[in-house]
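# A look at the structure
For reference, the chains in residue letters:
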Amino acid sequence: MFLTPSVLPTKTMSPADTHSSISAISFSDVLRDPKTPLSQTCKNVRDLSQIHAHLIKTGLFLKRRVAENLLESSATLQQGSLDHALSIFRSMEETTPATYNIMIRAFTSRKRPQEAILLFKRMREDLVDPDKYTFPCVLKSCSRVQALKEGEQIHALLEKFGFGIHVFAGNSLIRLYAGCGKVDKARRLFERMSDRSIVTWNSLLSGYTETGEWEEVVKLFCEMRSTGVAFDEVTLISVLTACGRLAALDLGEWVNGYMEENGLKRSQILTTSLVDMFAKCGQIDTARQLFDAMTTRDVVAWSAMISGYSQSNRCREALALFKEMQMANIEPNEVTMVSVLASCAILGALETGKWVHFYTKMKRLKLTVNLGTALMDFYAKCGLVDNSLEVFEQMPQKNVLSWTVLILGLASNGRGREALEVFHKMQKFRMKPNDVTFIGVLSACSHMGLVDEGKRLFDTMTRDFCIEPRVEHYGCMVDILARAGLIIEAHQFINGMPIEPNAVVWRTVLAACKVHKNIEIGEESLRQLSRLDPGHSGDYILMSNIYASVGRWEDALKVRKQMKERGIKKTPGCSMIEVDGVIHEFFAEDSDHSLSKDIYDTIEEMLQRIKLEGFVPNTSEARLDAEEDEKEMSVSHHSEKLAIAFGLLKTEAGTTIRISKNLRVCTDCHSATKMISKVYKREIVVRDRNRFHHFKDGSCSCNDYW
């Protein structure tokens, strides 16, 4: 039985009596003022159910304001679901805009946007006209599920009912259009609004951020500053993101100063955005200082710092920080994994990358396009192109980058014909190739010596796909011709290019001149390179080796002398090998490794064994300052031979040896590695600056064509 205000108890109450008392007090409030929210005293559904029952019993539920009060109290109750509110709504004899607004607002705030939109539809079917409070909530729900069509219809209704674009509905519309990629439409709405709150500005800034229009973010922020509008954390996050993408360091540093002055560095999310901005602007050490100064660091902060190291090509530090992250018991997310895989791909850190793949499976992370493509790229760059294919097949969704990474991986690993098959399969799946795809396809033709096919594909770029060739595509065509020994035709092709050839194009010809011993065009290439990229040591080394290969030793020494006079230092060859999760670096004639003596002993044994099989050292690429009897020793101590010897020492028989080198593999090392693979019955995978070499049983996947 319910107690009335006239018989409130004065004794100590039991828990059951307390519920009744709450109901009585709430009921008395309703009698005095129907607008008094019942939720002030009713803390659970049980209290409201008692009130509801009593209002029905007394007939007060028929009073619209009382029923609306009960409905709103039930809809805004923090505990429980909206089932009770829905039961009240359905039992109301009279539904008004206010009652619909209560429920639409409740569905929106409880993140049930589809139901909010459906309820608005029912409101229109029941011929209940929306008011100015209806539109902001239902538009917010449309924005959350990117229901553009429904949002446009609601926008039309807003205009039809003559409410205009007031600030709340305007903000919701801007969020909707911007979130659905219609940022130009959002901008037109923004310009129409005379009253713009900070939410209005932030909504448009977020829209530009989501569509990647970074210049517009910066322009809008500058306009915002000039009008004197205050900005908040949301504003600064959008601006810092844009600064990172545009490498707009000056503006980023201004935001940093503003945060210092206003004490905003206590905000973890803002400081994380600063770390990301500095890292993307190349200020990686500044980013690290900020990161180290953070009192708390979530997965986003760790990921931003790891990504910064990876993008700055400081991959060892990226992996070291990833290990620190694990020790701090911070669970990595997809962004972390993509950055770590990118670093593993650059370093050739196979074991670490494999662990990442295992971790994603163990945690049942979804194989998204980004994660899947990163895994594919990692495996391809470690020479495991079959693993790359396997990941590709497992991916539920693929974009043009996924297909392109597969094509590039197959091409660089000596499987050019398969790369072309994937390209044709891609078109059957109606996936349109882009300009990068064609770089992969033309590279496949280059590595396989498919001159006619390369020419045909180059022509189809513009004819069939409306892709204007860039200098990289012209460079691929030069490579196709030059590798095939068509040096004169390659030179003529360069002279006929509609755009100026860059250093890479001329360097491609120069490398081919070394293989085919073409002195004249080699000299022309070096002259062009001296103009375009005068400090590149590899060009002079190539020309010197061309002279040496035809016995013109004086000219070879002259080129080396020019290097010295111009202060150009030779880039040292560096080979890396991962053993037991640790990456070891070797330089030519290196003696710093703790196992140097064992390594050099292994090299001596290795050379003796392959010589018995017919190997003859090629001393044309030895140091020119080496004496004749020292030249063989000079080439035998190249960095890749040291790394191979270490691999033979530290891995079990039959294990594949994987090496990454920063320069192109020399002729002597290529010949020696073929023989080593045969004598030691080992597969040896070498990734040099240009491509992969899979050595097995005395042959190489490049067919001696690199």
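Residues numbered from 1 in each chain as written. Predicted model: local features only at pLDDT ≥ 70, side-chain atom pairs only at ≥ 80, totals over all residues. Heavy atoms only, no water.

### Things to note about helix α30 (residues 519-532)
Let me state the cut-off plainly: Helical segments are the DSSP runs of H or I of at least four residues, strand segments are the runs of E of at least two, and each set is numbered from the N terminus. Expected helix span is taken as 1.5 Å per residue step, with the number of steps being one fewer than the number of residues. Contacts are assigned to residue pairs that have any heavy atoms within 4.5 Å of one another. We define a polar contact as two N or O atoms separated by no more than 3.5 Å, with the added condition that, inside protein, one atom must be a possible hydrogen donor and the other a possible acceptor, whereas residues neighbouring each other in sequence contribute only through side-chain atom pairs.
With 14 residues, α30 ought to run about 20 Å at 1.5 Å a step, and its terminal C-alpha atoms sit 20 Å apart, in line with that. The inward-facing, buried residues of α30 contact α28 (487-495), α29 (503-516) and α31 (537-549). Its side-chain oxygen at 3.5 Å from the backbone nitrogen of E520, N518 defines the N-terminal cap of α30.

### Some remarks on the packing of aromatic side chains
Using the following cut-off: Working definition: a ring pair exists when centres of Phe, Tyr or Trp rings (six-membered ring for Trp) sit within 6.5 Å. Plane angles under 30 degrees give stacked, over 60 give edge-to-face, the rest tilted. Whether a residue is buried, partly exposed or exposed follows from its accessible area with a 1.4 Å probe, protein chains only, as a fraction of its type maximum: under 20%, in between, or over 50%, in that order.
Across all of its chains, the model carries 20 aromatic pairs by this definition. With 4.9 Å between their ring centres and 80° between their planes, F190 and W201 make a pair best called edge-to-face. Residue F190 is located in helix α10 (residues 183-192), and its partner W201 is located in helix α11 (residues 198-210); the two are separated by eleven residues in the primary sequence. Neither F190 nor W201 differs from the other in exposure class; each is buried.

### Points about the sheet that holds strand β5 (residues 692-696)
Operational definition: Two strands qualify as a pair provided that DSSP identifies no fewer than 2 bridges between them. Structural elements are reduced to axes, namely lines fitted to C-alpha atoms, with helices fitted over the stretch in contact, and the angle between N-to-C directions of any two is expressed from 0 to 180 degrees.
Pairing within the open sheet is mixed, and its six strands lie in the order β2-β1-β3-β4-β5-β6. Strands at the two margins of the open sheet, each flanked by one partner only, are β2 (582-587) and β6 (699-700). Summarising the sheet, strand β1 (residues 574-579) and strand β3 (residues 657-661) pair through three bridges and their orientation is antiparallel. Bridge pairing links M576 to S660 in β3. Helix-sheet contacts for helix α19 (residues 334-347) involve β1, β2, β3 and β4 (684-687), and the interaxial angle to β4 is about 105°.

### What to know about the environment of T209
With respect to the helices and strands, T209 occurs in helix α11. As a C-alpha pair, T209 and S238 span 29 residues in sequence and 6.3 Å in three-dimensional space. Setting aside anything within four residues of it in sequence, one finds T209 in contact with W214, V217, S238 and T241. From its side chain, T209 meets the backbone oxygen of L205 in a polar contact 2.8 Å long.

### What to know about the confidence of the model for the chain
Inclusion rule: As a per-residue measure, pLDDT tells how confident the predictor is, with possible values from 0 to 100.
Residues of the chain with pLDDT of at least 70 account for 88%, and the chain-wide mean is 86. For the chain, the element scoring lowest by mean pLDDT is helix α1 (residues 15-32), at 46; helix α22 (residues 385-394) scores highest, at 96. Low pLDDT, under 50, characterises residues 1-27; the predicted model gives this stretch 28 contacts beyond four residues in sequence or across chains.

### Some remarks on the side chain of N413
Looking at the secondary structure, you find N413 in the loop between α23 (400-412) and α24 (416-428). Its relative accessible area of 2% is what places N413 among the buried residues. Among the polar contacts made by the side chain of N413, one reaches the main-chain carbonyl oxygen of G409 at a distance of 2.8 Å. The residues touching N413, leaving out its near neighbours within four places in the chain, are A380, G383, V385, R691, F692, H694 and S701.

### Topic: the environment of R689
Relative to the assigned elements, R689 resides in the loop between β4 and β5. By relative accessible area, which is 43% here, R689 ends up partly exposed. Sequence separation between R689 and K661 is 28 residues, and the spatial gap between their C-alpha atoms is 6.7 Å. Excluding anything up to four places from it in sequence, R689 contacts H536, K661, N662, L663 and R664.

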